[in-house]
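Structural overview
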Amino acid sequence: MTDKRVLLDEIDFYLVTDSGLSKKGTLSDVEKAVAAGCRIIQYREKAISTKDMILEAAQIKTLCGSESIFLVNDRVDVALAVDADGVHIGQDDMPIDTARELLGPNKIIGLTVHNIEEALEAERMGADYVGLSPIFNTSTKKDAGNGIGPESIRVVKDAIKIPIVAIGGINKQNSESVILGGADSLVAISAVVCSDDVERETREFIDLIQKIKY
């Protein structure tokens, strides 16, 4: 199997699934996002059994193929069960060194951080990227806190070498400020999965990001 970590250099739009918000369902959203050129998918599911998660995760892995990174949010057990490319964990989830021990050296581990101190610690502990959150106030994560603003990204970017994924309240109107602020990639959950055309929305975000980055 190819080492998917090389794809981290190419990520732009980052899809996080949300079955509660999705109009067409998680599998459809993933299929459409991958078709649009999305290089990184995070399966985030809090509402179904572990058994059903494993079944759905296996299908998502197939949809991602060799072109897109497939991560599971929080659930290291589910990631192991389907041999996902890695996990994304939060500050209160499994410690990163324990996750690394379980997953092995070649899997991708992303960690949510809220400030420069947590970002430096994430890099020191061996995270492959950080999710800096929340950039703006967000409704999709109730406990996210107040937005830190796109101007906060540059400070973190200058301090660490691993990629930064910006998360929280991002839409087409404010995404330019996020990329100009120094983010390598961004997440926009409701802007995409609440849409009637996930493929078009994903493609528009990718074009927008690439235009600014390159």
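What counts, and where the lines are drawn
- Residues numbered from 1 in each chain as written.
- Predicted model: local features only at pLDDT ≥ 70, side-chain atom pairs only at ≥ 80, totals over all residues.
- Heavy atoms only, no water.
- Buried < 20%, exposed > 50% of the residue type's maximum accessible area, 1.4 Å probe, protein only.
- Helix = DSSP H or I, 4+ residues; strand = E, 2+ residues; numbered from the N terminus.
- Pairing = 2+ DSSP bridges.
- Right-handed = clockwise from strand over helix to strand, strands pointing away.
- Axes fitted to C-alpha atoms, helices over the stretch in contact; angles between N-to-C directions.
- Parallel < 35°, antiparallel > 145°, perpendicular 65-115°, else oblique.
- Left-handed = near helix turned anticlockwise from the far one by under 90°.
- Contact = heavy atoms within 4.5 Å.
- Nonpolar A, V, L, I, M, F, W, Y, C, P; charged D, E, K, R; others polar.

**With respect to the pairing of strand E2 (residues 40-43)**
Each regular strand carries side chains that alternate between the two faces of the sheet. Residues Ile40 and Gln42 point to one face of E2 and Ile41 and Tyr43 to the other, with burial holding for every one of them. Across three bridges, the pairing between strand E1 (residues 13-16) and E2 is parallel. Bridge pairing links Leu15 to Ile41 in E2. For the segment spanning E1, helix H1 (residues 26-36) and E2, crossover handedness is right-handed. In this region the chain leaves E2, passes through helix H2 (residues 50-64) and returns to the parallel neighbour strand E3 (residues 69-73); the handedness of that crossover is right-handed.

**Examining the packing of helix H5 (residues 116-124) against helix H6 (residues 151-159)**
Two elements in contact, H5 and H6, have axes separated by 10 Å at closest approach and are oriented at 30°. Between H5 and H6, the angle falls in the class roughly parallel. Considering how the two elements wind past one another, H5 and H6 form a crossing that is right-handed. Across the interface between the two elements, Ile116, Ala119, Leu120 and Glu123 from H5 touch Val155, Val156 and Ala159 from H6. Its residues assigned to classes, the contact of H5 with H6 shows six nonpolar, no polar and one charged.

**Some words on the packing of H1 against helix H9 (residues 198-213)**
The contact between H1 and H9 brings their axes to 8 Å, and the two run at 40°. Taken together, H1 and H9 sit at an angle that is classed as oblique. The handedness of the crossing between H1 and H9 is right-handed. Mapping the contact onto sequence places Asp29, Lys32, Ala33, Ala35 and Ala36 in H1 and Val198, Glu199, Thr202, Arg203 and Ile206 in H9. Tallied by class, residues from the contact of H1 with H9 come to five nonpolar, one polar and four charged.

No statement about biological role is implied by the geometric values presented.
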